Amino acid sequence: MMAQPKASHFIDGVYVDDTAGAVIEVIYPATGAVIARLHEATAAVIEQALASAARAQAAWAATRPVERARILRRAADLIRLRNPELARLETLDTGKPIQETLVADWPSGADALEYFAGLAPSVGGETIPLGRDFAYTIREALGVCVGIGAWNYPSQIACWKSAPALALGNAMVFKPSEVTPLGALKLAEIFIEAGLPAGLFNVVQGRGAVGSTLVSDARVAKVSLTGSVSTGRKVYALAAQGVRHVTMELGGKSPILVFDDASVEDAVGAAMLGNFYSAGQVCSNGTRVFVQKGIKAKFLKRLAERTAAIRLGDPLDEATQMGPLVSGAQLAKVLGYIETAKAEGATLICGGGQAGVEGAFVLPTVFADVTDAMTIAREEVFGPVMAVLDFDSEDEAVARANATEFGLAAGVFTADITRAHRVIGALQAGTCWINAYNLTPVEMPFGGSKLSGVGRENGHAAVEHYSQLKSVYVGMGPVDAPY
Ligand code: NAD
């Protein structure tokens, strides 16, 4: 076992196991090798995790924010110090190339810890003058939060959720995706080493049922999910029964609009980043690339040239630019979408199938002449498959870009600044880029509209989602009662 952790769960400051839980095999998708064997959380393990979080939270909320911040900053430092070994584990867990995991996954998690550590001590309420009387507000922690992660950025997701939660005085029970359970355990270890009191960040493993047990528990004040729309619907509905706070980071089918006057090189580069990074398994990917007819030929030519040069291979080799998909199941799903696109009449520009015989590798694939009705223009593929659609006018492109139930992200490429802002203003999406794509610095709120989600992660906006207001009216004189 290349990556067997000490035990399956991390609760109240220590590793915990209960072999009565169903087995979860962790598979390195580049070779199919089993690299760890864990157990799902049993009812007893879930109870232990929630009870310990509830126990630890009150004292943590009463801790000075600067002290909380110091611990989170220390955790960020430990992550940066150990980034090479953490990146290697992330690569084994996900199959993503180490070239990416060294710079994108844990480093962006460390950024979140630093950012919310910096922000927390200055979060306060306001005083509201009311003549003789006055009111004030207190921004308080919510309590025990549940975080549920997807498999595409497992450690980043664990950090993006726990950083604001802990900075603002909450405890978190985190359930990673059963496909990528390893990184969150390392984060739990690092928090303890950084001085976080036991119980404030507990990790329990399991599939959907473990997630729903957590979401339904009366001690839970908030649920933050990163996952698909169908899971989001279920988790949102379950959380509603307890009127819990929610953040839903769900799927997308985001548009990139490339106008005739755009830099072809930049637009091609961004479209590639927004379709091929992490082998296309990024929620905010711009998987519908609308290209204005005047530059379609030039765009496709450069896209094909640059895509053909992408290096697939051993994810642990720093020269490798694209690894396998996360699992055999994801491979089958993506190959199915490629075959459907061919059958529905899209023009295959490059790629179009599995790469090699071993592992879940798919060739970076580009389809042109895609129409709005085709399946690859409507459904989230979550693999390295780009759909290029062409358009004539701005109004037409905006209307077609918006004709989706999703609203996670959008991008526009143009040299005309007025048009750039006008188009962004008209696009229905929570996270947008102008002449850039898929950059998600922690300082910028991130999240979706429409079916892509509610709430925001990162930025000052996240404070709203991990705290609540208490309003206090202060009477300064005699009570004026009519009785
Ligand atoms: P998924 O919905 O299958 O699973 C997400 C998590 O939810 C997993 O931990 C899973 O065990 C858990 N889960 C499943 N059913 C549950 C239930 N009934 N109750 C509670 N928890 C349950 O998603 P995935 O396949 O792991 O990830 C891919 C999806 O995530 C894509 O749709 C992608 O767009 C989305 N995603 C969104 C963002 C974002 O920030 N918007 C980021 C990454 C991924």
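Here we summarise the structure given alongside this text. (Residues numbered from 1 in each chain as written. Predicted model: local features only at pLDDT ≥ 70, side-chain atom pairs only at ≥ 80, totals over all residues. Heavy atoms only, no water.)

1. Examining the packing of helix α7 (residues 208-216) against helix α8 (residues 229-241)
- Contact pair α7 / α8: the axes reach a minimum separation of 9 Å and the direction vectors enclose 25°. One way to sum up the angle between α7 and α8 is to call them roughly parallel. Judged by the twist between their axes, the crossing of α7 over α8 is right-handed. Residue-level inspection shows S212, V215 and S216 of α7 in contact with α8, the latter providing V235, L238 and A239.
- When the residues that make up the contact of α7 with α8 are grouped by side-chain class, the tally is four nonpolar, two polar and no charged. (Axes fitted to C-alpha atoms, helices over the stretch in contact; angles between N-to-C directions. Helix = DSSP H or I, 4+ residues; strand = E, 2+ residues; numbered from the N terminus. Parallel < 35°, antiparallel > 145°, perpendicular 65-115°, else oblique. Left-handed = near helix turned anticlockwise from the far one by under 90°. Contact = heavy atoms within 4.5 Å. Nonpolar A, V, L, I, M, F, W, Y, C, P; charged D, E, K, R; others polar.)

2. A short note on the site of the ligand
- Taken together, the neighbourhood of the ligand is formed by 28 residues, with G149, E178, S228, T231 and E380 sitting nearest.
- Within the backbone of G227, an N or O atom sits 3.3 Å from an oxygen atom of the ligand.
- Measuring from an oxygen atom of the ligand, one finds a side-chain N or O atom of E380 at 2.5 Å.
- The fraction of the free accessible surface of the ligand (860 Å²) that becomes covered by protein chains is 88%.
- A per-class count over the shell around the ligand returns 11 nonpolar, 11 polar and six charged. (Near = heavy atom within 4 Å. Polar contact = N/O pair within 3.5 Å; in protein donor to acceptor, adjacent residues only side chain to side chain. Areas by Shrake-Rupley, 256 points an atom, 1.4 Å probe, with all protein chains shown as cover.)

3. A look at the environment of A184
- Tracing the backbone shows A184 in helix α6 (residues 182-194).
- In the structure, A184 is positioned 17 residues away from F201 in sequence and 9.7 Å away in space, judged by C-alpha atoms.
- Discounting chain neighbours no more than four positions away, the residues touching A184 are A158, F174, P176, F201 and V203.

4. Side note on α8
- Over its 13 residues, α8 extends 19 Å from the first C-alpha to the last, a length consistent with the 18 Å expected when each residue adds 1.5 Å.
- The complete set of buried residues in α8 reads V229, G232, V235 and A239. Projected down its long axis, α8 shows its buried positions confined to an angular sector of 120°, all on one face. Exposed and facing more than 90 degrees away from the buried side of α8 are R233, K234 and Q241.
- Two residues or fewer after α8 comes V243, characterised by a positive phi angle close to 45°. (Expected span 1.5 Å × (residues − 1). Buried < 20%, exposed > 50% of the residue type's maximum accessible area, 1.4 Å probe, protein only. Arc of directions from axis to C-beta.)

5. Structural notes on the pattern of salt bridges
- Applying the stated rule across the entire model yields 27 salt bridges.
- In this structure, the salt-bridge partner of E25 is R37, at a minimum N-O distance of 2.7 Å. Taken together, the positions of E25 in strand β3 (residues 23-28) and R37 in strand β4 (residues 33-39) put the pair 12 residues apart, joining distant regions of the chain.
- The salt bridge partner of R80 is D111, with a shortest N-O separation of 2.8 Å. Of the two residues, R80 sits in helix α2 (residues 65-81) while D111 sits in helix α4 (residues 98-119), which places them 31 residues apart along the sequence. (Salt bridge = Lys/Arg side-chain N within 4 Å of Asp/Glu carboxyl O.)

6. Some points on the pairing of strand β19 (residues 431-434)
- The alternating pattern of β19 places T431 and W433 on a buried face, while none of C432 and I434, on the opposite face, is buried.
- Here strand β18 (residues 409-413) pairs with β19 via four bridges, running parallel. Counterpart to A409 in the pairing with β19 is T431.
- In this region the chain leaves β18, passes through helix α14 (residues 417-426) and returns to the parallel neighbour β19; the handedness of that crossover is right-handed. (Pairing = 2+ DSSP bridges. Right-handed = clockwise from strand over helix to strand, strands pointing away.)

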